[in-house]
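Understanding the architecture of this molecule
So the chains spell out like this:
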Amino acid sequence: LLRRALANLLGNALEFSQREGSVTVRLEHHADRIVLEIRDRGPGIPDYAAERIFERFYSLPRPDGRRSTGLGLPFAREIARLHRGDLEAANHEEGGFVARLSLPAG
């Protein structure tokens, strides 16, 4: 399940990145948590959608106009919570979108 959650997050980052853009993946180990951060340099989430991105079937158009099923982020968050973790996502202050998957270290 964790592999599927990571694939969903990386897939979103790649789909929303520009063709020659980059995706950054960072892994941090804190005292009791492991945090995986995936950041793209795409357009970010419009303000009107920020509260809805974890709703099932809610989808924003990709840069090429396609839409997804709207299940990737909700499914990834559910997987995180099944593992006593969480998934947060928001626009990055320097542009793009960042997802932070946090799981217990032990």
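Each remark here, short or long, concerns the structure printed above.
How each quantity is defined
Residues numbered from 1 in each chain as written. Predicted model: local features only at pLDDT ≥ 70, side-chain atom pairs only at ≥ 80, totals over all residues. Heavy atoms only, no water. Helix = DSSP H or I, 4+ residues; strand = E, 2+ residues; numbered from the N terminus. Rg over C-alpha atoms; globule rule 2.2 N^0.38 Å. Buried < 20%, exposed > 50% of the residue type's maximum accessible area, 1.4 Å probe, protein only. Areas by Shrake-Rupley, 256 points an atom, 1.4 Å probe, with all protein chains shown as cover. Lys, Arg positive; Asp, Glu negative; His and termini not counted. Charge placed at Lys NZ, Arg CZ, Asp CG, Glu CD. Pairing = 2+ DSSP bridges. Contact = heavy atoms within 4.5 Å. Salt bridge = Lys/Arg side-chain N within 4 Å of Asp/Glu carboxyl O. 1 Å grid on protein atoms, 1.4 Å probe; cavity = no way out; pocket = protein on both sides within 12 Å on 5 of 7 lines; lining within 4 Å. Points joined across faces, edges and corners; volume = space filled by probe spheres on them.

1. Describing the overall build of the chain
Helix and strand content of the chain: 2 helices and 4 strands. In the chain, the succession of α and β elements from N to C terminus is α-β-β-α-β-β. Here the C-alpha atoms of the chain give a radius of gyration of 13 Å, agreeing with the 13 Å that 2.2 N^0.38 yields for 106 residues. Along the three orthogonal principal directions, the C-alpha set of the chain runs to about 40 × 25 × 25 Å. Across the 106 residues in the chain, those meeting the buried criterion constitute 39%. Of the roughly 6,800 Å² that the chain leaves accessible, carbon and sulfur atoms contribute 51%. Side chains of the chain carry 16 positive and 15 negative charges; the gap between the two charge centres is 6 Å.

2. Quick look at the pairing of strand β3 (residues 86–91)
A regular strand carries its side chains on alternate faces of the sheet. Direction of pairing for β3 relative to strand β4 (residues 97–104): antiparallel, over a ladder of 6 bridges. Considered in β4, the bridge of glutamate 88 is made with arginine 100.

3. With respect to the environment of isoleucine 38
Summarising the element assignment, isoleucine 38 is placed in strand β2 (residues 33–40). With relative accessibility at 4%, the residue isoleucine 38 sits in the buried group. Taking C-alpha positions, isoleucine 38 is 9.2 Å from leucine 6, a pair spaced 32 residues apart along the chain. For isoleucine 38, the residues in contact, after removing those within four places along its chain, are Leu9, Leu10, Ala13, Val23, Thr24, Val25, Phe97, Val98 and Ala99.

4. Digging into the pattern of salt bridges
Overall, the coordinates contain 7 salt bridges when judged by the stated rule. Arginine 26 serves as the salt-bridge partner of glutamate 28, at 2.1 Å between the closest nitrogen and oxygen. Judged by its relative accessible area of 27%, glutamate 28 falls in the partly exposed class. Residue aspartate 86 is joined to arginine 81 by a salt bridge in which the shortest nitrogen-to-oxygen separation is 3.2 Å. Taking the relative accessible area as the measure of exposure, arginine 81 reaches 46% and is therefore partly exposed. The network of salt bridges with shared partners includes Arg26, Glu28, Glu37 and Arg100.

5. Re the layout of surface pockets
Each pocket or cavity is described by its volume, and for the largest pocket that value is around 400 Å³. Lining the largest pocket are 26 residues, with Asn12, Phe16, Arg62, Ser68 and Leu73 sitting closest to its centre. If you list the elements that add at least two residues to the lining of the largest pocket, you get α1 (2–16), β2, α2 (72–82) and β4. Looking at which element gives the most residues to the lining of the largest pocket, the answer is α1, with 8 residues.

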